[in-house]
Each structure stands twice: as C-alpha cells, then as structure tokens.
Amino acid sequence: QVQLVESGGGLVQAGGSLRLSCAGSGRSFSSYAMGWFRQAPGNEREFVAGISRSGGHTYSADSVKGRFTISRDNAKNTVFLQLNSLKPEDTAVYYCAASNLIKVVITGPHEYDYWGQGTQVTVSS
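Worth saying up front: this structure is predicted, and the values here are computed from it rather than measured.

Draft legend 1. The arrangement of the side chain of E111 in detail. Here E111 shows up in the loop between β9 (92-99) and β10 (114-115). Among the polar contacts listed, one links the side chain of E111 to the side chain of K103, at a separation of 2.6 Å. Residue contacts for E111: discarding those within four places in its chain leaves S99, L101, K103 and I106.

Rendered as structure tokens:
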C-alpha cells in the first residue's frame, strides 16, 4: 500500500506555469506506475499523464501534450507534473495515482489502485 499527497496547486493567470508534486509513502514507491488525472466540476475524472516505474516511459493526453510534463524521482518518492502555458480550461482538481498494473500505457481511472486527495489548479483568463 502507498499513501499519496499532492501539493503545488494554486491560482495562476492564463499562460502561466505551476509545478505539482505528489509525495508517496509506505510500500516501495518505485514499484508503482504513476499517473496524473484531473476533474473539473460536473466532469468525469480524466487522464492527464502517466509514467513508468523507472521513469523511462511517459505519455500524456492530447489536450496537454507539449504543455504538461510528468517526471519522477524515485529516490525522493515523488512524482511531478510541470504545467506550462496554462489555459482556463485546465482549471480542475488534479490527482496523482499509483497503479500495480504491468502495462505500457495506463489511462483508465479504474486501472489505478491508490489516489491522493487532490490539489486545486485555477487558471484565470
């Protein structure tokens, strides 16, 4: 089992940047594939970006490709999401999640086993 705690959210103007962090504790952090999701009011939780256990393979949703970057530091039990060129439509609660699955790409919320509490990102126009 792993416990996840996100931080780094906030209010930013359109075009700005934020860096989200997700700190893991408990069972070996590097044994999990990690992902970031977001959920805006009235919307379903949607996949944003994912990263393999080693950090060597990353993938992201088309809506954020070229703007958001996922990375991880297994020595510090932390996964990051760098958000650049933010748009008002990026406003949402952002969640990190950990998966036990052995798959190249893991994008479904049901494929993740552990979730953080979320951090709010608000982008003003």
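Draft legend 2. Focus on the pairing of strand β11 (residues 119-124). Burial of β11 is one-sided: the residues T119, V121 and V123 facing one way are buried, the residues Q120, T122 and S124 facing the other way are not. The sheet contact formed by strand β2 (residues 10-13) and β11 spans four bridges and is parallel. By the bridge assignment, G10 is partnered in β11 with V121.

Draft legend 3. Spatial organisation of the pairing of strand β3 (residues 18-26). Across six bridges, the pairing between strand β1 (residues 2-7) and β3 is antiparallel. Considered in β3, the bridge of L4 is made with G24. Taken together, the six bridges between β3 and strand β8 (residues 78-83) define a ladder with antiparallel strand orientation. Paired with C22 across the bridge in β8 is V79.

Draft legend 4. Representation of the state of the cysteines. With the rule as written, the count across this model stands at one disulfide. The disulfide that involves C22 links it to C96, with 1.9 Å between the sulfurs. Here the disulfide of C22 and C96 is right-handed, its torsion about the S-S bond being about 50°. Linking C22 in strand β3 with C96 in strand β9, this pair joins segments that are 74 residues apart in sequence. Note on accessibility: C22 and C96 belong to one class, buried.

Draft legend 5. The arrangement of the sheet that holds β8 in detail. Taken together, the four strands give an open sheet; going across it, the order is β1-β3-β8-β7, and neighbouring strands pair in antiparallel fashion. Bordering the open sheet on either side are β1 and β7 (68-73), each of which pairs with just one other strand. Across the sheet, the mean angle from the axis of one strand to that of its neighbour is 15°, orientation sign disregarded.

Draft legend 6. View of the nonpolar core. Counting residues in hydrophobic clusters, the biggest one holds 35 residues, and the most contacted among them are M34, W36, L81 and Y94. When residues of this core are traced back to their parent elements, those giving at least two are β1, β3, β4 (33-39), β5 (46-51), β7, β8, β9 and β11. By residue number, the principal contributor to this core is β9, which donates five residues.

Draft legend 7. Just the environment of T107, in detail. Looking at the secondary structure, you find T107 in the loop between β9 and β10. Taking relative accessible area as the criterion, T107 reaches 35% and is therefore assigned partly exposed. When the C-alpha atoms of T107 and G8 are compared, they prove to be 23 Å apart, with 99 residues separating the residues in sequence.

About the thresholds
- Residue indices follow the written sequence of each chain, beginning from 1 at its first position.
- In keeping with the model being predicted, local features are shown solely for residues with a pLDDT of at least 70 and side-chain atom pairs are shown and tallied solely at 80 or more, while totals for entire chains, interfaces and linings include all residues.
- As a rule here, side-chain values come from all non-hydrogen atoms in the structure, and water together with hydrogens is ignored.
- The way it works is that DSSP assigns letters per residue, a run of H or I at least four long becomes a helix, a run of E at least two long becomes a strand, and they are numbered from the N terminus.
- What qualifies as a polar contact is a pair of N or O atoms within 3.5 Å, subject to a donor-acceptor requirement within protein and to the restriction that residues adjacent in sequence count only when both atoms come from side chains.
- What makes two residues a contact is simply this: any of their non-hydrogen atoms within 4.5 Å.
- Burial here depends on accessible area, computed with a 1.4 Å probe over protein chains only, as a share of the maximum for the residue type. Under 20% is buried, over 50% is exposed, and the range in between is partly exposed.
- One bridge is not enough; two strands pair if DSSP finds at least two bridges between them.
- In plain terms, two cysteine sulfur atoms within 2.5 Å form what is called a disulfide here.
- The axes are straight lines fitted to the C-alpha atoms, using for helices just the contacting stretch, and the angles between their N-to-C directions are given from 0 to 180°.
- What makes a nonpolar core is a set of buried Ala, Val, Leu, Ile, Met, Phe, Trp, Tyr and Cys residues whose side-chain atoms join them at distances within 4.5 Å.

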